[in-house]
Amino acid sequence: MHQNVSKNSASFSTIFITLYLFSTTIDTASSFAPRHQTTAPPPTITMADSNDTATSHQRAKSAFKYVEDVAPGLKLEMDLHTIHHTSISQYQQVQVIDSYFGRTLVTDGKTQSAEHDEFVYHESLVHPALFWSALLSGNGGPKSVFIGGGGELATAREVLRHTSVERCVMVDIDPVVVEVCTKYLPEWGGQAVLSHPKMTYIVGDAHQYLMETTETFDVIIMDISDPVEAGPGIALYTQEFYRRAAELLSKECGVFVTQAGSADFVPHPHAFPEGNGGEEEERETCCFSPIKNTLATVFDHAIPYSCPVASFGEDWGFVLAFNGPSSKARELTDLPPETIDSLITERIRLVPGVPVHRYRSKGVKRATMGNEEGGEVLKHYDGVSHRRLFALSKPLREAMKSDERIMTVANPIFMY
């Protein structure tokens, strides 16, 4: 998002539609963007240009392609079926398309979430933090939750599924993203979330809001743009900002969680600087380790975790931070599956009025009656998957050990 738009990068966004024997080019400019933003070239939509029979056969299958940069030298390409919406807000280009992964929100050329697996990202971001806050509070809370960004409304949807929550404040800077998602992506939350009695939606800068507010929260969730050089989202990943967030958390059960960008099982070569390539080598890397390191300078515990998100083309990282005795960190990662499953049964309910996603996988449960509770509501997160989230791969853990970088206002670190 942004400042806290919805998740991706700033730059000029250009869509090329190439047809056999002629071409049309649409150029659009935007300023910033969100969560896993990037300064890489924007997406390209192409049709092969050849007369041979094989190519013609492939064209008959799918005329257009959606292409997205994932890492230096790596692109994700898939069939593009429909462009439902395209516009340019004050902050970014906003598009809703149908692709291999179903209905998808794209901002400034980067996938923000897709029908196929948005629940994996959003359930992973929200539920470990809220359930850990509940355990820290003695199962009374959490009652108040702040969301920075979250324009798709799916993060708020997951928060509002917790029966203990009494107030959810969401601050996102780009109203166009919220309007577009409400219209085209109602399954993410839509009007049912915006009109929920526990929900407060504010159009504004999440950084400014937290710097000025006197309200405290049990959980602070940052579902924001990546720290890219082109946008102001970097301010939401600094030591200075984290110190302010820590001041606003409740003392007994305060938990902070943020999305933290790419966290691949086997990290890409560009992810961690080798230290011998000069300033340019470290200009754009992964920020998973620096975000974890920075939070660890503010909180007693900063726990990294990850999950695979196929529509992003890579595993995605998060960092959960809180204060407390040293034993608490191990307790969080090693929670017995039955403890998580019991909390889900006791606390999780459907948000009334949110439509269900279209059927896309035999492994994904669908709410069909409208009165599902507990484990019937969640499609990804449970006691077993909780432990999987915190079990980082050996290659990733080893790479993180050698990365001691800290993110400050004076010394920012940018993501690819």
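Residues numbered from 1 in each chain as written. Predicted model: local features only at pLDDT ≥ 70, side-chain atom pairs only at ≥ 80, totals over all residues. Heavy atoms only, no water.

**Q** Report on helix α9 (residues 288-296), specifying residues and quantitative values.
**A** Extensive coverage of α9 is indicated by the burial of seven of its nine residues. Taken as a whole, α9 has its buried residues at Phe288, Ser289, Pro290, Ile291, Asn293, Thr294 and Leu295. Contacts from the buried residues of α9 go to α7 (239-247), β13 (255-262), β15 (301-309), β16 (314-322) and α13 (394-401). (Buried < 20%, exposed > 50% of the residue type's maximum accessible area, 1.4 Å probe, protein only. Helix = DSSP H or I, 4+ residues; strand = E, 2+ residues; numbered from the N terminus. Contact = heavy atoms within 4.5 Å.)

**Q** Describe the confidence of the model for the chain, and please don't skip the residues or the numbers.
**A** Taken residue by residue, the chain gives an average pLDDT of 84. The fraction at 70 or more is 80%. With pLDDT under 50 throughout, residues 1-41 is counted as low confidence; its partners more than four residues away or in other chains account for 211 contacts. (pLDDT = per-residue confidence, 0-100.)

**Q** Outline the sheet that holds strand β12 (residues 219-223), supporting the account with residue identities and numerical values.
**A** Strand pairing in a sheet takes place through backbone hydrogen bonds and is either antiparallel or parallel in direction. Pairing is mixed across the open sheet formed by seven strands, whose spatial order is β11-β10-β9-β12-β13-β16-β15. Of all strands in the sheet, those with a lone pairing partner are β11 (199-203) and β15, marking the two edges. Between one strand axis and the next, the sheet turns through 20 degrees on average, direction left out of account. Two strands pair when backbone bridges link them, and β13 and β16 are joined in this way by five bridges, in the antiparallel orientation. From the neighbouring strand, phenylalanine 256 faces β16, where its bridge partner is alanine 321. α7 contacts β12 and β13 of the sheet and is inclined by roughly 150 degrees relative to β13. (Pairing = 2+ DSSP bridges. Axes fitted to C-alpha atoms, helices over the stretch in contact; angles between N-to-C directions.)

**Q** Account for the sheet that holds strand β8 (residues 110-114), with residues named and values stated.
**A** Read across the open sheet, the five strands follow the order β4-β5-β6-β7-β8; overall the sheet is antiparallel. In the strand order of this sheet, the two ends are held by β4 (64-71) and β8, each with one partner. Each adjacent strand pair in this sheet contributes to an overall mean axis angle of 45 degrees, direction not counted. The pairing of β4 with strand β5 (residues 74-88) spans seven bridges and is antiparallel. Within the sheet, the bridge partner assigned to glutamate 68 lies in β5 and is leucine 76. Of the strands in this sheet, β5, β6 (93-99) and β7 (102-107) are in contact with helix α4 (residues 175-184), which crosses β6 at around 25 degrees.

**Q** Report on the packing of aromatic side chains, specifying residues and quantitative values.
**A** With the rule as written, the count across this model stands at 13 aromatic pairs. With 5.6 Å between their ring centres and 15 degrees between their planes, phenylalanine 146 and tyrosine 209 make a pair best called stacked. Separated by 63 residues along the polypeptide, phenylalanine 146 in strand β9 (residues 144-149) and tyrosine 209 in helix α6 (residues 206-212) bring together distant segments of the chain. On the basis of relative accessible area, phenylalanine 146 is assigned to the buried category, the value being 0%. (Phe/Tyr/Trp six-rings, centres within 6.5 Å; stacked < 30°, edge-to-face > 60°.)

**Q** Lay out the nonpolar core in plain terms, naming residues and giving numbers.
**A** Ranked by internal contacts, the top residues of the largest apolar core, which has 90 residues, are Phe146 and Phe256. In terms of residue count, the dominant contributor to this core is helix α2 (residues 118-136) (nine residues). Counting residues in each nonpolar core, the second largest holds 10 residues, with Val94, Ala154, Val177 and Cys181 among its members. (Core = buried A, V, L, I, M, F, W, Y, C linked by side-chain atoms within 4.5 Å.)

**Q** Quick rundown of α13? Include the residues and the values.
**A** Every buried residue belonging to α13 is among Leu396, Ala399 and Met400, and all of these are buried. For α13, the angular spread of buried residues about the axis comes to 100 degrees, placing them on one side. For α13, exposure combined with an orientation more than 90 degrees from the buried face picks out Lys394 and Lys401. Residues of α13 that are buried in the fold lie against α9 and β15. (Arc of directions from axis to C-beta.)

**Q** Any details on the pattern of salt bridges? Residues and values, ideally.
**A** Counted by the stated rule, this structure contains 14 salt bridges. For the salt bridge of arginine 157 with glutamate 158, the shortest nitrogen-to-oxygen distance reads 2.8 Å. Note on arginine 157: relative accessible area 3%, which makes it buried. Accessibility expressed as a relative area gives 0% for glutamate 158, which makes it buried. (Salt bridge = Lys/Arg side-chain N within 4 Å of Asp/Glu carboxyl O.)

**Q** I'd love a proper account of the environment of serine 326, names of residues and values included.
**A** One can find serine 326 in the loop between β16 and α10 (327-333). The sequence separation of serine 326 and histidine 301 amounts to 25 residues, and the corresponding C-alpha distance is 7.8 Å.

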